[in-house]
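# A closer look at the structure
Okay, here's what each chain looks like letter by letter:
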There are 2 protein chains.
Amino acid sequence: MIKDKSVQCFLDELAGKAPTPGGGSAAAIMGAMGAALVSMVCNLTIGKKNYEAVDADMQALLLRAEALRADLAGMVRADVAAFDQVMAAYGLPKDSDAEKATRSTAIQAALKRATEVPLQCARASAQAIALSREVAEKGNRNVISDAGVAVMAAYAALKSAALNVYVNTNAIRDPDFVGQCVSELETLLAANENAVDEIYALVKQRL
Amino acid sequence: MIKDKSVQCFLDELAGKAPTPGGGSAAAIMGAMGAALVSMVCNLTIGKKNYEAVDADMQALLLRAEALRADLAGMVRADVAAFDQVMAAYGLPKDSDAEKATRSTAIQAALKRATEVPLQCARASAQAIALSREVAEKGNRNVISDAGVAVMAAYAALKSAALNVYVNTNAIRDPDFVGQCVSELETLLAANENAVDEIYALVKQRL
């Protein structure tokens, strides 16, 4: 599994000729990095002098960030599996009409799965952005820059996942499914563009 | 070294109580991911039918992206070393006036180094953004979403490195040095905000 490989090996494979790991895996890892940095700020705020008032909030936030990090790290594997399924479906035989129909159904099902995975990543990344706002507001000022890195990592994950939703929906012939996915995605994007700027500005102000 | 650890272990350490690896390392890794994805698009464009006209460009771009990736991956280690040096300087004895002066000089020198590393990361990330534009314009459309992930990763790296420049310059008592660093940084930021939006839009259009 990718997450058991070294960071250097992951970067080498990302750069290489194989189509996976690619942008989908990179998006999930950036999201997980965002969640991890939220956890780091929580960990370096909990139990510190002058931060007693937010201790309980930081404890609760840490649990949420760690659950989100596990979800996002798991999406690396899900992204590769979804991609492999799409490739396998395109590789099905297409000699007879029956084969063509079976292949087309398999491709459409695989593309839907390959859309759901990045949409899930986009949702989780949006949650990581929301958590980064809470640590940016309340976290230990000595490590507040890490809250700013968290929001940028989570934002990169969201925008990256969005591209993977778009690219897969382009080939799906189910307008209801596509409409629903794109509408949810664009709501997430619209809600977070300004949020990211605000959180980054807040961090800069608290540096 | 961090880059020899597994991705999962890196994420665990990022989330943990230790101050390193933190946002500085995360910035360098996101920059390296951006450069790696530029390389990936090059690798999946070189030698492909319909892309003969850009083959030489993609070969040249691949070399630049791989050099940049190596630089950025190396900055993970430099960031941790610079942080350790700052901590070591703050830990120096401060009983006598002579000790206080030595300590203060050591802190200032360490903070300058801890500013130069993220400034270098910001420069390299800006270069990764420029390379992502070239793959976004000319790369294989089948993997063009990866060029969009590249630009978002590099942008997250730039904005993250910027916070680390700001936080360290805040404590440096050399206005010329601070002025020069902040001025270079803000030029990089200003030049790239719009560039990132343009490159992302270009990718979306070519999906």
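Refer to the preceding data block for the structure.
Here goes a summary of the coordinates provided. What you see is a predicted model; the values in this text were computed from it and never measured.

## A few points about the packing of aromatic side chains
As enumerated under the stated definition, the model contains 0 aromatic pairs over all chains in all. Between the NZ or CZ atom of B:Lys112 and the centre of the ring of B:Phe177, over which it lies, the distance is 5.1 Å. When the ring centre of A:Tyr200 is taken as origin, the NZ or CZ atom of B:Lys159, which lies over that ring, is 4.0 Å away.

## A few points about helix H1 (residues 7–15) of chain B
By the burial criterion, the buried members of H1(B) are B:Val7, B:Phe10, B:Leu11, B:Leu14 and B:Ala15. Looking straight down H1(B), one finds its buried side chains confined to an arc of 130 degrees; they lie on one side. For H1(B), the secondary structure elements touched by its buried residues are helix H1 (7–15), helix H2 (23–43) and helix H3 (55–90) of chain A together with helix H2 (23–43) of chain B.

## Here's the deal with the nonpolar core
Membership of the largest hydrophobic core comes to 166 residues, with the highest contact counts inside it found for A:Met33 and B:Met33. In this view, A:Met33 contacts B:Phe10, B:Leu11, B:Leu14, B:Ala26, B:Ile29, B:Met30 and B:Met33; residues no more than four positions away in its chain are not counted.

## Overview of the pattern of salt bridges
Scanning all chains against the criterion turns up 20 salt bridges over all chains. Across the salt bridge formed by A:Lys138 and A:Asp57, the nearest N and O atoms sit 3.0 Å from each other. One end of the pair, A:Lys138, is in helix H4 (residues 97–138); the other, A:Asp57, is in helix H3, and 81 residues separate them in sequence. What makes A:Lys138 partly exposed here is its relative accessible area of 25%. A residue is classified by how much of its surface remains accessible, and A:Asp57, at 30% relative accessible area, is partly exposed. B:Glu13 serves as the salt-bridge partner of B:Lys5, at 2.9 Å between the closest nitrogen and oxygen. One connected set of salt bridges, linked through shared partners, spans A:Asp57, A:Arg64, A:Glu134 and A:Lys138.

## Some points on unusual backbone geometry
Among all residues except glycine, the phi angle is most often negative; among peptide bonds, the trans geometry is most common. All names here are of chain A. In this chain, Thr20 is followed by Pro21 through a cis amide linkage whose omega measures -5 degrees. Relative to the helices and strands, Pro21 is located in the loop between H1 and H2. The phi angle at Asn50 is positive, at roughly 75 degrees, despite the residue not being glycine. With respect to the helices, strands and loops of the structure, Asn50 is situated in the loop between H2 and H3. Overall, the relative accessible area of 64% leaves Asn50 in the exposed class.

## Topic: the interface of chain B and chain A
The partner chain A presents 54 residues to the 54 residues of chain B that form the contact. Together, the buried faces of chain B and chain A total about 4,500 Å²; carbon and sulfur atoms form 70% of this surface. When residues of chain B are sorted by the area they lose upon contact with chain A, B:Val7, B:Met33 and B:Leu163 head the list and together hold 14% of the total. Taken together, chain B and chain A are joined by 2 salt bridges. Close ionic contact of B:Asp12 with A:Arg69 constitutes a salt bridge, the shortest N to O distance being 2.9 Å. Considering each element in turn, the side of chain B that touches chain A owes the most residues, 15 residues, to helix H5 (residues 144–169) of chain B. Taken together, the residues of the side of chain B that touches chain A sort by class into 31 nonpolar, 12 polar and 11 charged.

About the cut-offs
- Residues numbered from 1 in each chain as written.
- Chains lettered and ligands numbered in written order.
- Predicted model: local features only at pLDDT ≥ 70, side-chain atom pairs only at ≥ 80, totals over all residues.
- Heavy atoms only, no water.
- Phe/Tyr/Trp six-rings, centres within 6.5 Å; stacked < 30°, edge-to-face > 60°.
- Lys NZ or Arg CZ within 6 Å of the ring centre and 35° of its normal.
- Buried < 20%, exposed > 50% of the residue type's maximum accessible area, 1.4 Å probe, protein only.
- Helix = DSSP H or I, 4+ residues; strand = E, 2+ residues; numbered from the N terminus.
- Arc of directions from axis to C-beta.
- Contact = heavy atoms within 4.5 Å.
- Core = buried A, V, L, I, M, F, W, Y, C linked by side-chain atoms within 4.5 Å.
- Salt bridge = Lys/Arg side-chain N within 4 Å of Asp/Glu carboxyl O.
- Buried area = accessible area lost by both parts, 1.4 Å probe.
- Nonpolar A, V, L, I, M, F, W, Y, C, P; charged D, E, K, R; others polar.

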